[in-house]
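These are the residues of each chain, in order.
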Amino acid sequence: MKTALITGATSGIGEACADLFAAQGYHLILVARREHLLKDVAKRLEEKYAIETKTVVADVRIHDDLSYGLETLPAQWKQVDVLINNAGLSQGLDPIDKGNVTDWDTMIDTNVKGLLYVTKIVSNWMISRKSGHIINIGSIAGQEVYPNGNVYCATKHAVDALNKGMRIDLLPHGIKVTAINPGMVETEFSKVRFKGDEGRAKKVYDGLEPLVANDIAEAIWFVVSRPAHVNINDMLIMPTAQATGAIIKRN
Ligand code: NDP
Ligand code: 8X3
């Protein structure tokens, strides 16, 4: 039986990955801040797929809490085959001179530092077993920059660099590293970016068919299920209606 650790498992891409990996018989370690949602996801998947789960209620930005939550897992749960570094967010969409400093800190702390904190702990577990696969959720925003995307794009460019760096550093240990870089996926992402403004969030997807979270989960499953000698370094996945970060065809 294999185990996947998924950060940001209460919603969107992370929840879809939890569902798909559970369907494939994986045991799951699910990490996020919203305890009630995390427990609901875990219970639903245990009942539906007869798998086992562990939930770790933690904010990936707070190193000591995260470290305590992960390091106190029973030893057999530290045999993680797949880590999906998915927890992340955008806050605001403003020109650089108008940006909110707290929003910048939140994005940098979550998308970059949080991903690093999780990776340091779990990569050590993988190193001791000389196997594992780390999936980093980047973005089209990590491949190019779009107007007002400044700091979010910078964090996802950092994920792209870390993805490459991890692959080099973990090569001697037989650990695969892959970046999955989606374009627009309709999840809670825009609602979070616009701080609960549902109308503004909905407008992002007006007149086009965005990706859904399961599209990304399926791509991740494809990557993870390749033979041992094959690694997919990265994958850029866009809605058909989106050519670049900012060039979108709307009806
Ligand atoms: P959602 O908002 O639906 O999900 C984000 C998840 O991250 C939630 O489960 C949330 O859980 C968790 N999370 C956020 N902050 C923290 C934190 N500090 N500590 C722990 N968990 C946290 O968005 P998506 O599913 O769309 O986003 C998932 C990833 O995909 C992100 O990295 C995002 O940047 C990336 N992405 C999204 C795209 C899109 O268009 N939707 C496109 C490209 C990339 P909780 O609030 O319970 O902590
Ligand atoms: C999220 C996709 O296009 O809003 O990473 O930056 S986008």
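What counts and what doesn't
- Positions within a chain are numbered from 1, following the residues in the order the chain's sequence is written.
- The naming scheme follows written order: chains are lettered A onward, ligands numbered 1 onward.
- In view of the model being predicted, local features appear only for residues whose pLDDT reaches at least 70, and side-chain atom pairs are presented and counted only at 80 or more, with totals across whole chains, interfaces and linings using the full set of residues.
- With hydrogens and water stripped out, all remaining heavy atoms of the structure feed into the side-chain values.
- The numbering of helices and of strands both runs from the N terminus, where a helix is a DSSP run of H or I of at least 4 residues and a strand a run of E of at least 2.
- Radius of gyration here uses only the C-alpha atoms, and the compact-globule reference equals 2.2 Å multiplied by the residue count raised to the power 0.38.
- Each residue is assigned to one of three classes by its accessible area relative to the maximum for its type, calculated with a 1.4 Å probe on protein chains only: buried under 20%, partly exposed between the two thresholds, exposed over 50%.
- Note on contacts: a residue pair is in contact if any heavy atoms of the two residues lie within 4.5 Å.
- Reported accessibility uses the Shrake-Rupley method at a 1.4 Å probe radius. Residues are deemed covered only where the shown protein chains occlude them.
- The charge count treats Lys and Arg as positive and Asp and Glu as negative. His and the chain ends do not count.
- Where a charge lies is defined by one atom per residue type, namely NZ (Lys), CZ (Arg), CG (Asp) and CD (Glu).
- Expected span, for any helix, means 1.5 Å times one less than how many residues it has.
- Comment: arc refers to directions from the helix axis out to C-beta atoms.
- Proximity criterion: a residue is near a molecule or strand once any of its heavy atoms comes within 4 Å of it.
- For this analysis, a polar contact is any N or O atom pair within 3.5 Å, provided that within protein one partner can donate a hydrogen and the other can accept it, and provided that sequence-adjacent residues contribute only side-chain to side-chain pairs.
- A cavity here means a set of points on a 1 Å grid, drawn over the protein atoms and nothing else, where a 1.4 Å probe fits but cannot get out; a pocket is an open set with protein on both sides within 12 Å along at least five of seven lines, and a residue lines either one if it has an atom within 4 Å of a point.
- What decides whether a molecule sits in a cavity or pocket is whether more than half of its atoms lie within 2 Å of the grid points.
- Residue type decides the class: Asp, Glu, Lys and Arg count as charged, Ala, Val, Leu, Ile, Met, Phe, Trp, Tyr, Cys and Pro as nonpolar, and the leftover types, Gly among them, as polar.
- Here, any two strands with at least 2 DSSP bridges between them count as paired.
- An axis is simply a line fitted to the C-alpha atoms; with a helix, the fit covers only the stretch in contact. Between two such axes, the angle follows the N-to-C directions and lies from 0 to 180 degrees.
- Grid points are joined across faces, edges and corners, and a volume is the space filled by probe spheres set on the points.

Caption draft 1: Quick peek at the overall build of the protein. Counting its regular elements, the protein contains 8 helices and 9 strands. The globule rule puts the C-alpha radius of gyration for 251 residues at 18 Å, and the 17 Å found for the protein is close to it. Over its C-alpha atoms, taken along the principal directions, the protein stretches across nearly 50 × 40 × 35 Å. Out of the 251 residues belonging to the protein, those deemed buried represent 50%. Partitioning the intrachain contacts of the protein with sequence separation of at least 6 by distance along the chain shows that 72% fall at a separation of at least 24. Surface accessibility of the protein: about 11,700 Å² in total, with carbon and sulfur atoms responsible for 53%. Side chains of the protein give 28 positive and 29 negative charges; the mean places of these two sets differ by 3 Å.

Caption draft 2: Just helix α8 (residues 213-224), in detail. Here α8 spans 17 Å end to end across 12 residues, near enough to the 16 Å set by a 1.5 Å rise per residue. Every buried residue of α8 is accounted for by Ala213, Ile216, Ala217, Ala219, Ile220, Val223 and Val224. Taken end-on, α8 shows its buried residues confined to a sector of 160°, consistent with a single buried face.

Caption draft 3: Summary view of the site of ligand 1. Taken together, 30 residues lie near ligand 1, and Thr10, Ser11, Arg33, Tyr152 and Thr187 sit nearest. A distance of 2.6 Å separates an oxygen atom of ligand 1 from a polar atom in the side chain of Thr187. Here ligand 1 loses 96% of its free accessible area of 880 Å² to cover by the protein chains. The site holding ligand 1 turns out to be the largest pocket. For the shell around ligand 1, the secondary structure elements donating two or more residues are α1 (12-23), α5 (150-170) and α6 (189-193).

Caption draft 4: Here's a closer look at the site of ligand 2. Lining the immediate surroundings of ligand 2 are Ser139, Ile140, Ala141, Tyr146, Tyr152, Phe189 and Arg193. Note that an oxygen atom of ligand 2 is positioned 2.5 Å from one of the side-chain N or O atoms of Ser139. For ligand 2, an oxygen atom lies 2.5 Å from a polar atom in the side chain of Tyr146. Protein contacts shield 86% of the accessible area of ligand 2, which totals 240 Å² for the unbound molecule. Among the residues forming the shell around ligand 2, the class breakdown is 5 nonpolar, 1 polar and 1 charged.

Caption draft 5: Region of interest: the sheet that holds strand β9 (residues 234-237). Strand order across the open sheet formed by 7 strands is β3-β2-β1-β4-β5-β6-β9, with parallel pairing between neighbours. Strands with a single pairing partner mark the edges of an open sheet, and in this sheet they are β3 (53-57) and β9. Neighbour to neighbour, the strand axes of the sheet diverge by 15° on average, direction disregarded. Packed on one face of the sheet, helix α2 (residues 35-49) meets β2 (27-32) and β3 and runs near 175° to β3.

Caption draft 6: Structural context of the layout of surface pockets. Space inside the largest pocket adds up to approximately 1,100 Å³. Gly88, Leu89, Tyr152, Thr187 and Phe189 are the residues nearest the centre of the largest pocket, which is lined by 48 residues in total. The set of elements that each furnish at least two residues to the lining of the largest pocket consists of α1, β2, α5 and α6. Among the elements that make up the lining of the largest pocket, the one with the highest residue count is α6 (4 residues). Tallied by class, residues from the lining of the largest pocket come to 24 nonpolar, 16 polar and 8 charged. Its volume calculated, the second largest pocket comes out at about 240 Å³.

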